[in-house]
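Report on the structure
The lines below spell out each chain.
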Amino acid sequence: MTEPSPDGRVRRRSRRTRRIVVPLTVVSATVAVSVLSGCGQQRDADVYTVMNSSTDESYHRWDGGTLKRCGKELGVTIEQQSVPAAQLMTKALRMASSKSLPDVLQLDASEMPTFAEAGGLIPLKDLGLSTTDIPEGIVDFGSFDGTYYGAARTVNTLALFYNKDVLDEAGLKVPTTWDEMRGTAAKLTQGKRYGLALSAGGAEDGVFQFTPFMWSNGGDETKLDSPEVAGALDYWKALLKDGSLSKSTVNWTQADVNDQFMAGNAAMMINGPWQVETLNAKKGLNWGIAEIPVPKAGDDSVGPLGGGVLTVPNTGDTEREKTAAKIIGCMSGEQEEISYAINSWMVPANAKAADIWRKKTPELAALADQVATARSRTAKVGAQWSSVSLALQSAFQSALTGESSEAALKRAQQRVTSGN
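First, a word on scope: everything that follows refers to the structure included in this document. (Residues numbered from 1 in each chain as written. Predicted model: local features only at pLDDT ≥ 70, side-chain atom pairs only at ≥ 80, totals over all residues. Heavy atoms only, no water.)

We now examine the nonpolar core. Counting residues in hydrophobic clusters, the biggest one holds 73 residues, and the most contacted among them are Phe115 and Trp287. Among the nonpolar cores identified, the runner-up in size contains 54 residues, and Leu239, Val381, Ala408 and Ala412 belong to it. (Core = buried A, V, L, I, M, F, W, Y, C linked by side-chain atoms within 4.5 Å. Buried < 20%, exposed > 50% of the residue type's maximum accessible area, 1.4 Å probe, protein only.)

Structural data, given as structure tokens:
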């Protein structure tokens, strides 16, 4: 996506399909050894390092500009080290074992709890950073076990993208409920064009895209075998049975979904704002965006918050940690958030900044509305999210290829409970 963090299309494909899942026991042991053994390599007192996943040229350049401005403001030099998203956690663990962690570490919010639980991060409020003007859901997004460890600059979520011309030609309105979306998708399915495209692949992409259906239907990741979760998966199965979804849905990443939409092979799609730049580059594509339809009128459309958070690793050097927090404070300042959000098509984490951003990007207003009700994937299960995700991935593959949703989800819940 993450699923995902505020990054571009190329890295999103690799992030979702090739992310390495590092066992919590490995993280705990590695980080604990680093923390207990104290400081490592000698560092230049006026040079600080920020490690992120901004390997795309544009994102690396935008971050470079931010760090240059923040360095000037704070009177230090800030170097950027960018690592492919799928390799970032592994790289951070290697650096922890050699006691050479960066001063600021950007982590995907779904991975942050694992590092925090292992004692590898410093609580940001202890370092003087405030959560004033940050919505509760976004504070939770950067928290583990009630403690705020990660500051988000921008966040993203999912929404319903639709081809305005196709809907207009068919005389159809943008759907707002599940029944409406199912009916609209069926009517728009013609020839090689499917009514809807979404990712149900056996990776984090599929889980990220399932959460708004699960949550909006009252389902919960703490009980995967509930009727509400099964109902959401049954809805996906119904779309597949109608022929409104391609059978390839079980293999598609979010990048694949966007490719299908841009090629005219799907009239609507579930996707995120990281696709906007690519969509705008397609001549003749007249697209719109709306909140994801809900089970029945009046329900909240609850999507997943995605993105990265800026953290301060526990290096044992308290003075450097304080300066690292100031760097994060600058990077997540109101104006820096607005600039970064406009460049990346994400939503600023700060509420005041988001209000300004909304006026500057009215075409994405529906995305801001979706963010307002969105929540973190790790809010309820913390570091156990990786186990939940893997169990759901397996359940999708089974249920969408013939098994009953109830049976697939019962096995998924058993898998999470047993820890296998």
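The discussion continues.
So, about the state of the cysteines. Summed over the entire model, instances satisfying the criterion amount to 1 disulfide. Through a disulfide, cysteine 70 is tied to cysteine 330; the S-S separation comes to 2.1 Å. Handedness of the cysteine 70-cysteine 330 disulfide follows from its S-S torsion of about -90°: it is left-handed. One end of the pair, cysteine 70, is in helix H3 (residues 57-74); the other, cysteine 330, is in helix H13 (residues 318-331), and 260 residues separate them in sequence. The exposure classification of cysteine 70 matches that of cysteine 330, with both residues buried. (Disulfide = S-S within 2.5 Å. Helix = DSSP H or I, 4+ residues; strand = E, 2+ residues; numbered from the N terminus.)

What follows deals with helix H10 (residues 227-242). Between its first and last C-alpha, H10 extends 22 Å over 16 residues, near the 22 Å set by a 1.5 Å rise per residue. As for H10, its buried residues are in contact with helix H8 (178-188), strand E8 (194-197), helix H9 (204-216), helix H17 (385-399) and helix H18 (405-418). Where H10 ends, the next residue or the one after it, glycine 243, has phi of about 90°, a positive value. (Expected span 1.5 Å × (residues − 1). Contact = heavy atoms within 4.5 Å.)

Let us look at the sheet that holds strand E1 (residues 47-52). Pairing is mixed in the open sheet, where 4 strands are placed in the order E2-E1-E3-E11. Two strands bound the open sheet, and with one partner strand each, they are strand E2 (77-82) and strand E11 (308-311). In this sheet, neighbouring strand axes are inclined to one another by 20° on average, regardless of whether the strands run parallel or antiparallel. Across the sheet, H3 touches E1 and E2, and the angle it forms with E2 is around 160°. Sheet contacts for helix H4 (residues 85-97): E1, E2 and strand E3 (104-108); angle to E1, the most-contacted strand, approximately 145°. (Pairing = 2+ DSSP bridges. Axes fitted to C-alpha atoms, helices over the stretch in contact; angles between N-to-C directions.)

As a further point, take the pattern of salt bridges. It is possible for side chains of opposite charge to pair when their charged atoms get near one another. The tally for this structure, following the rule as stated, stands at 15 salt bridges. With a closest N to O distance of 2.6 Å, arginine 182 and aspartate 242 form a salt bridge. Of this pair, arginine 182 sits in helix H8 while aspartate 242 sits in helix H10, placing them 60 residues apart in sequence. Among the residues examined, arginine 182 registers a relative accessible area of 33% and is labelled partly exposed. Of the charged contacts, one joins glutamate 204 and arginine 377 as a salt bridge, the two residues approaching to 2.9 Å between their closest N and O atoms. Of this pair, glutamate 204 sits in helix H9 while arginine 377 sits in the loop between helix H16 (365-373) and H17, and the two are 173 residues apart along the sequence. Judged by relative accessible area, which is 10%, glutamate 204 ranks as buried. (Salt bridge = Lys/Arg side-chain N within 4 Å of Asp/Glu carboxyl O.)

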